[in-house]
Amino acid sequence: MVENWDDFLVPYKQAVDELKVKLRGIRAQFLKIDGRSPIEFVTGRVKPVDSIKEKMVRRHISEDRLEEDMEDIAGLRIMCQFVEDIYQVVDLLRKRTDINILEERDYVHNKKPSGYRSYHIIFEYPVQMLDGEKVILAEIQVRTLAMNFWATVEHSLNYKYQGEFPDGLKGRLERSAEAAFHLDEEMSEIRDELQETNKHEPGKDVRKSSDEDSHLQ
């Protein structure tokens, strides 16, 4: 049983803080070497206690099984410019030795009925505590900026309507999700055409390095 929620969440907060630094470090290395990174920016959060309790009721999770059965108490989100970047980031995460990936869910090319797209990774992460190592469950979501925009708005509306969308709004949300994905595809095609043009025009470099911290949150 959870006697003190602040104490219970300490390792999760530490994990989020550590992983944000590590992932942002990867971005910095890409920018230094290549002038561009598949990681646009990184965010992270620990689920609020009220949200944890609500999910426990909704998913029938008992307090004594909380650490084993709730995988997103610690959550990170990696934003990318292009769909291709998502899979590059996933490959980078698979090669890391500090996380143990347990499950991958590809909602990018296997979208949810609502239209939601993202790539989810569930993993174990060791946190060094005063009394020794504690392994926690955590989740990373990797998505494009367009996917994130849609998911953020949909989440807000879902909260307002408590998941019961009017039929007309539900259909429009699904169509807007497809429009966001088509935008991602179009931007990838534009990027590819620019790179092809660059190959035939020596001296030009379409890559533009951005300020490392300009998008980090």
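Look up: the structure comes first, before these words.
What counts, and at which threshold
- Residues numbered from 1 in each chain as written.
- Predicted model: local features only at pLDDT ≥ 70, side-chain atom pairs only at ≥ 80, totals over all residues.
- Heavy atoms only, no water.
- Pairing = 2+ DSSP bridges.
- Helix = DSSP H or I, 4+ residues; strand = E, 2+ residues; numbered from the N terminus.
- Axes fitted to C-alpha atoms, helices over the stretch in contact; angles between N-to-C directions.
- Contact = heavy atoms within 4.5 Å.
- Core = buried A, V, L, I, M, F, W, Y, C linked by side-chain atoms within 4.5 Å.
- Buried < 20%, exposed > 50% of the residue type's maximum accessible area, 1.4 Å probe, protein only.
- Lys, Arg positive; Asp, Glu negative; His and termini not counted.
- Salt bridge = Lys/Arg side-chain N within 4 Å of Asp/Glu carboxyl O.
- Polar contact = N/O pair within 3.5 Å; in protein donor to acceptor, adjacent residues only side chain to side chain.
- Phe/Tyr/Trp six-rings, centres within 6.5 Å; stacked < 30°, edge-to-face > 60°.
- Lys NZ or Arg CZ within 6 Å of the ring centre and 35° of its normal.
- Patch = residues over 30% accessible without salt bridge, like charges linked within 9 Å, V, L, I, M, F, W, Y side chains within 5 Å.
- Areas by Shrake-Rupley, 256 points an atom, 1.4 Å probe, with all protein chains shown as cover.
- 1 Å grid on protein atoms, 1.4 Å probe; cavity = no way out; pocket = protein on both sides within 12 Å on 5 of 7 lines; lining within 4 Å.
- Points joined across faces, edges and corners; volume = space filled by probe spheres on them.
- Nonpolar A, V, L, I, M, F, W, Y, C, P; charged D, E, K, R; others polar.

Caption draft 1: Focus on the sheet that holds strand S5 (residues 132-144). Overall, mixed pairing links the five strands, which are arranged S1-S2-S5-S4-S3 in an open sheet. Each of the sheet's edge strands pairs with one partner strand only, and the pair in question is strand S1 (41-46) and strand S3 (100-106). In this sheet, adjacent strand axes meet at a mean angle of 25° when their direction is disregarded. Here S3 runs beside strand S4 (residues 119-129); their pairing, made up of six bridges, is antiparallel. Following the sheet pairing, Arg105 is matched in S4 by His120. Sheet strands in contact with helix H1 (residues 5-34) are S1, strand S2 (74-80), S4 and S5, and its direction is about 110° off that of S4.

Caption draft 2: Structural view of the nonpolar core. If you look at the biggest cluster of nonpolar residues, it comprises 41 residues, and the most contacted ones within it are Leu66, Ile73, Ile78, Leu93 and Val142. Listing elements by their share of this core, those giving two or more residues are H1, S1, helix H2 (49-59), S2, helix H4 (83-95), S4 and S5. Per-element accounting of this core gives the leading share, nine residues, to H1. One finds Tyr107, Tyr116, Trp150 and Leu173 within the second-largest nonpolar core, a separate group that totals seven residues.

Caption draft 3: The side chain of Arg143, seen in detail. With respect to the secondary-structure elements, Arg143 resides in strand S5. This buried residue, Arg143, is left without a salt bridge; Glu139 holds the nearest opposite charge, at 7.5 Å. A polar contact of 2.7 Å, which involves the side chain of Arg143, links it to the side chain of Gln141. With residues up to four places along the chain from it excluded, the contact list for Arg143 reads Arg77, Ile78, Met79, Cys80, Ile86, Tyr116, Arg117, Ser118, Asn148 and Ala151.

Caption draft 4: Quick look at the packing of aromatic side chains. On inspection of all chains with the given rule, the structure shows four aromatic pairs. Ring centres 6.2 Å apart and planes at 65° place the aromatic pair Tyr107 and Tyr116 in the edge-to-face group. You can call Tyr107 buried: its relative accessible area is 19%. The class of Tyr116 is buried, set by a relative accessible area of 11%. An aromatic cluster is defined as three or more aromatic residues linked by ring pairs; in this entry it consists of Trp5, Phe8 and Tyr12. Over the face of the ring belonging to Phe82 we find Arg191, whose NZ or CZ atom lies 4.2 Å from the ring centre.

Caption draft 5: Spotlight on a nonpolar patch on the surface. Side chains of Leu183, Met187, Ile190 and Leu194 sit close together on the surface and give an oily, nonpolar patch of about 340 Å² of accessible area. Here Leu183 is to be found in helix H6 (residues 167-200). What makes Leu183 partly exposed here is its relative accessible area of 46%.

Caption draft 6: Expanded view of the layout of surface pockets. Size it by volume and the largest pocket reaches roughly 1,600 Å³. Lining the largest pocket we find 40 residues, and of these Lys47, Arg58, Asp72, His155 and Asn158 sit closest to its centre. Only S1, H2, S2, S5, helix H5 (145-161) and H6 provide two or more residues apiece to the lining of the largest pocket. When residues of the lining of the largest pocket are assigned to their parent elements, the largest contribution, eight residues, is made by H5. For the lining of the largest pocket, the class distribution of residues is ten nonpolar, 13 polar and 17 charged.

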